[in-house]
Amino acid sequence: MLLHATRRLRLALRRGTRALNMNRIVDKAYETQSLRAVADAPISALQGLADWTDDAGAAALKVESVGELGASKYCEWARALVELAAYEDAGARRGAANVNFALDAAHESKSLADVLELPPSALQGLAAHADEPLARMGVKTIRDLGTWKFAAAAKAISVLADAEADDAATHK
């Protein structure tokens, strides 16, 4: 029985059938697409982001594709700030470590916990007008951006797209 299943799988792979799916995070039109095709698609290819987010995302985060969203320095900074905030010792002395190149000058002396509650425009390079379209996408704070499921999925898709073979039966 297992031998027959293995043969069927090999045959399916030779025919180009993909062994993985992302059906719960990509729109139906992209369910049969390659990781590279999804990474090159507009961000509305992610299930739950409407077509209007293509323009809002491009304007707010300076991205035009799922892959660019996954590689966005603003999403990376927010994700890293969320991660490090879990290790912050409130009230403890501060060392020389800083994230001054990621934050606007007005926020450089704040604790990580305080930074996470700031609007995304507190990140260096994001203008205040980016806050409104991001808020319409459910991102009102740096914490929201760092934990935004669409940015996390886009990151995973863009990273794994580099590991995708052109032919599903190919293995290095």
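Look up a bit, the structure's there.
Quantities reported herein were computed from a predicted structural model and do not represent experimental measurements. (Residues numbered from 1 in each chain as written. Predicted model: local features only at pLDDT ≥ 70, side-chain atom pairs only at ≥ 80, totals over all residues. Heavy atoms only, no water.)

**With respect to the side chain of His107**
In step 1: Residue position: His107 is located in the loop between α5 (73–85) and α6 (112–116).
In step 2: The exposure class assigned to His107 is buried, which follows from its relative accessible area of 16%.
In step 3: A polar side-chain atom of His107 sits 3.0 Å from a polar atom in the side chain of Lys110.
In step 4: Apart from the residues lying within four places of it in its own chain, the contact partners of His107 are Val115, Leu118 and Ala122. (Helix = DSSP H or I, 4+ residues; strand = E, 2+ residues; numbered from the N terminus. Buried < 20%, exposed > 50% of the residue type's maximum accessible area, 1.4 Å probe, protein only. Polar contact = N/O pair within 3.5 Å; in protein donor to acceptor, adjacent residues only side chain to side chain. Contact = heavy atoms within 4.5 Å.)

**Structural notes on the packing of α5 against helix α9 (residues 149–161)**
In step 1: Remark: α5 packs on α9, axes separated minimally by 11 Å, with the N-to-C direction vectors making an angle of 110°. Put simply, α5 runs roughly perpendicular to α9. Our pair here, α5 against α9, has a crossing hand that is left-handed. Of the residues in α9, those in contact with Cys75, Glu76 and Arg79 of α5 are Ala151, Ala152 and Lys155.
In step 2: For the contact of α5 with α9, the class distribution of residues is three nonpolar, no polar and three charged. (Axes fitted to C-alpha atoms, helices over the stretch in contact; angles between N-to-C directions. Parallel < 35°, antiparallel > 145°, perpendicular 65-115°, else oblique. Left-handed = near helix turned anticlockwise from the far one by under 90°. Nonpolar A, V, L, I, M, F, W, Y, C, P; charged D, E, K, R; others polar.)

**Concerning the packing of aromatic side chains**
In step 1: Going through the model one piece at a time under the given rule, you end up with two aromatic pairs.
In step 2: With centroids separated by 5.8 Å and ring planes inclined at 85°, the aromatic side chains of Tyr74 and Trp77 adopt a geometry described as edge-to-face. Of this pair, Tyr74 and Trp77 both sit in helix α5, three residues apart, roughly one helical turn.
In step 3: Its relative accessible area of 5% is what places Tyr74 among the buried residues.
In step 4: In this structure Trp77 comes out as partly exposed when scored by relative accessible area, which is 24%.
In step 5: The interplanar angle of 75° and the centroid separation of 5.6 Å between the aromatic rings of Trp148 and Phe150 together place this pair among those described as edge-to-face. Phe150 shares its class with Trp148; the two are buried.
In step 6: Sitting above the plane of the Trp52 ring, Arg136 keeps its charged end 4.3 Å from the centroid. (Phe/Tyr/Trp six-rings, centres within 6.5 Å; stacked < 30°, edge-to-face > 60°. Lys NZ or Arg CZ within 6 Å of the ring centre and 35° of its normal.)

**So, the environment of Ala37**
In step 1: Along the chain, Ala37 turns up in helix α2 (residues 35–40).
In step 2: What makes Ala37 partly exposed here is its relative accessible area of 26%.
In step 3: Residues Ala37 and Gly67, 30 residues apart in the sequence, show an inter-C-alpha distance of 9.5 Å.

**Considering helix α3 (residues 52–61)**
In step 1: For α3, the complete set of buried residues consists of Thr53, Ala56, Gly57, Ala60 and Leu61. The buried residues of α3 occupy an angular sector of 100° when the element is viewed end-on, so they sit on one face.
In step 2: For α3, the secondary structure elements touched by its buried residues are α4 (66–70), α5, α7 (131–136) and α8 (142–146).
In step 3: Following α3 by one or two positions, Lys62 adopts a phi angle in the positive range, close to 60°. (Arc of directions from axis to C-beta.)

**Structural notes on the pattern of salt bridges**
In step 1: Under the criterion given, the structure shown has five salt bridges.
In step 2: Glu31 is paired through a salt bridge with Lys28; the nearest N and O atoms lie 3.8 Å apart.
In step 3: Of the charged contacts, one joins Arg136 and Glu132 as a salt bridge, the two residues approaching to 3.2 Å between their closest N and O atoms. On the criterion of helical spacing, the pair formed by Arg136 and Glu132 is a turn pair, its members being four residues apart in helix α7.
In step 4: By relative accessible area, Glu132 is classed as partly exposed at 46%.
In step 5: The network of salt bridges with shared partners includes Glu76, Arg79 and Lys155. (Salt bridge = Lys/Arg side-chain N within 4 Å of Asp/Glu carboxyl O.)

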